[in-house]
Amino acid sequence: MNGSRIAAVGHYQPAKVLTNEDLAGMVDTSDEWITSRVGIRTRHIAGPDEPVDELAAHAAAKALAAAGLAPGDIDLVLVATSTAIDRSPNMAARVASRLGIPSPAAMDVNVVCAGFTHALATADHAVRAGGSVRALVIGADKMSEVTDWSDRTTCVLVGDGAGAAVVEAADESGIGPVLWGSVPEMGHAVRIEGTPPRFAQEGQSVYRWATTQLPAIARKAVERAGLTPADLAGVVLHQANLRIIEPLAEKIGAVNAVVARDVTESGNTSAASIPLAFSKLVEQGAVSTGDPVLLFGFGGNLSYAGQVVRCP
């Protein structure tokens, strides 16, 4: 086997839902102000007893079940996250422990909002190189824990959650070549810094970069898969802000694709946003087995990574 594919996906969100009306009672904002600027209506918020690795493990367990696999079938665990407060043990090891995965390679990937697509590419490379047979790739973040809830410019954006994919060896590749990179000199535009760590961003800079620079990069990722944007059945962009997602999707030119808009009900869940939205599209039947879907992450560092995958 010289390829890899996504065998199954899964997602998880905490039970608590925070509405725009709830936020209006906490900071100087309103439902109209939030929806008109970012398109978000609700977001899920984890409690103090729900750490990132628990969110990740729930999503991963669903992906394993959907693939019909046992924990022992996994030999590589990758967790994309930027909200791991502890340095060691890492989130991947903690998830492996929760699920009972014996002796996997376990690594965290911190590329913030582009973390999942970076981790997916890493798993694809490992499987195709023979370093892994089946990998568990997870995006999980608890943004509520790094948010200043008195800052209306950021607290209206964030949510918590996790999404996961099982990647396995295949005769033909169902994961296209990745196109990835960054603009490190603009890394200050999206930050999680300080003690305690706090999320901050330069919203206008991110908006201009995403809507002007990223469409051409996303189209190149599609070209690397040997397709045109019109061939895509789905587009799953990082769920940052509906006002970024819609113009970016339009400029990519995927005229026949379903565009994920999970941000409206989940908010910005950072590394969780792409697998969370993708899993929901699969669960809802909005895309079908074998359909080509563009996954494209962007954000912190100003980093980006995208690839076309075939739906499980």
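Let me sum up the structure you'll find in this document. By convention here, each chain's residues receive numbers from 1 onward along its written sequence. Residues qualify for local features only when their pLDDT is at least 70, as the model is predicted, and side-chain atom pairs are given and counted only at 80 or more; totals for whole chains, interfaces and linings, by contrast, use all residues. Side-chain calculation: all heavy atoms of the structure are included, whereas hydrogens and water are not.

Summing up its helical and strand segments, the protein has 11 helices and 14 strands in all. Against the globule reference of 20 Å for 312 residues, the protein gives a C-alpha radius of gyration of 18 Å, in line with a compact fold. Taking the principal axes of the C-alpha coordinates as reference, the protein spans close to 55 × 45 × 40 Å. Relative to its 312 residues, the protein shows a buried fraction of 57%. By definition in these notes, contact holds between two residues if any of their heavy atoms fall within 4.5 Å. Taking as baseline every contact in the protein between residues at least 6 positions apart, the subset at least 24 positions apart corresponds to 76%. Only DSSP runs of H or I covering at least 4 residues are called helices, and only runs of E covering at least 2 are called strands; the numbering of each starts at the N terminus. Here the globule rule is a power law, 2.2 Å times the number of residues to the power 0.38, and the radius of gyration is based on C-alpha atoms. Each residue is placed in one exposure class: buried if its accessible area under a 1.4 Å probe, protein chains only, is under 20% of its type's maximum, exposed if it is over 50%, and partly exposed if it falls in between.

Most of strand β1 (residues 3-12) sits inside the fold, with 9 of its 10 residues counted as buried. When DSSP finds two or more bridges between two strands, those strands count as paired. In the sheet, β1 pairs with strand β7 (residues 160-170) via 9 bridges, with the strands oriented antiparallel. Pairing of valine 9 across the sheet is with alanine 165, part of β7.

Moving on: the nonpolar core. Here, the term nonpolar core denotes a set of buried Ala, Val, Leu, Ile, Met, Phe, Trp, Tyr and Cys residues that are joined through side-chain atoms within 4.5 Å. Judged by nonpolar contacts, the single largest core of 48 residues is most densely connected at Trp209, Leu214, Leu232, Leu237, Leu294, Phe296 and Phe298. Looking at this core, the elements that each hand over two or more residues are α2 (31-38), α7 (203-212), α8 (214-224), β11 (234-237), α9 (242-252), β13 (292-299) and β14 (303-310). With residues near it in sequence (within four places) discarded, leucine 232 still touches Val222, Ala254, Asn256, Ala257, Pro292, Val293, Leu294 and Val308. Among the nonpolar cores identified, the runner-up in size contains 30 residues, and Val9, Leu281, Val287 and Cys311 belong to it.

Examined against the element boundaries, valine 137 turns out to sit in strand β6 (residues 134-142). In this structure, the C-alpha to C-alpha distance between valine 137 and proline 51, residues 86 residues apart in sequence, is 18 Å. With sequence-adjacent residues up to four places away left out, valine 137 is seen in contact with Leu78, Phe116, Ala119, Leu120, Ala123, Gly163, Ala164, Ala165 and Val167.

Picture the strands of a sheet paired through backbone hydrogen bonds; they go either parallel or antiparallel. Taken together, 5 strands build an open sheet; the order of strands is β1-β7-β6-β4-β5 and the sheet is mixed. The sheet is open, and its two edges are formed by β1 and β5 (105-109), each paired on a single side. Neighbour-to-neighbour, the strand axes of this sheet turn through a mean angle of 20 degrees, independent of strand direction. Across 5 bridges, the pairing between strand β4 (residues 76-80) and β5 is parallel. What sits directly across from leucine 76, in β5, is alanine 105. Where helices are involved, their axes are fitted lines through C-alpha atoms of the stretch in contact, as for all axes, and angles between N-to-C directions lie from 0 to 180°. Across the sheet, helix α3 (residues 52-67) is in contact with β1, β6 and β7; its angle to β1 comes to roughly 125 degrees. Contacts from helix α5 (residues 115-128) reach β1, β4, β5, β6 and β7 within the one sheet, and its direction differs from that of β4 by about 160 degrees.

This next bit is on the packing of aromatic side chains. What counts as a ring pair is set by centres within 6.5 Å for rings of Phe, Tyr and Trp (its six-membered ring), and what kind of pair is set by the plane angle: stacked under 30 degrees, edge-to-face over 60, tilted for all other angles. Inspection of every chain in the model, using the stated rule, returns 2 aromatic pairs. The interplanar angle of 70 degrees and the centroid separation of 6.4 Å between the aromatic rings of tryptophan 209 and phenylalanine 298 together place this pair among those described as edge-to-face. Taken together, the positions of tryptophan 209 in helix α7 and phenylalanine 298 in strand β13 put the pair 89 residues apart, joining distant regions of the chain. Exposure remark for tryptophan 209: the relative accessible area of 6% places this residue in the buried category. Chaining the aromatic ring pairs together yields one cluster made of Trp209, Phe296 and Phe298.

Now for α9. Those residues of α9 not exposed but buried are Leu242, Ile244, Ile245, Leu248, Ala249 and Ile252. With its buried residues spanning 155 degrees around the axis, α9 presents them on a single face. Each polar contact in these results corresponds to two N or O atoms within 3.5 Å; when the atoms are within protein, one needs to be able to donate a hydrogen and the other to accept it, and residues that are neighboring in sequence are counted only if both atoms are side-chain atoms. Backbone nitrogen of arginine 243 and a side-chain oxygen of the N-cap are separated by 2.7 Å at the start of α9; the cap is asparagine 241. With its phi angle positive at about 90 degrees, glycine 253 sits one or two positions after the end of α9. The directions from the helix axis to the C-beta atoms are what the arc is built from.

Another aspect to go through is the state of the cysteines. Cysteine sulfur atoms that come within 2.5 Å of each other are treated as a disulfide pair. The final tally for this structure, using the stated rule, is 0 disulfides. Left unpaired, cysteine 113 is separated from the closest cysteine sulfur, that of cysteine 155, by 17 Å. Accessibility expressed as a relative area gives 9% for cysteine 113, which makes it buried. A relative accessible area of 0% means that cysteine 155 is categorised as buried.

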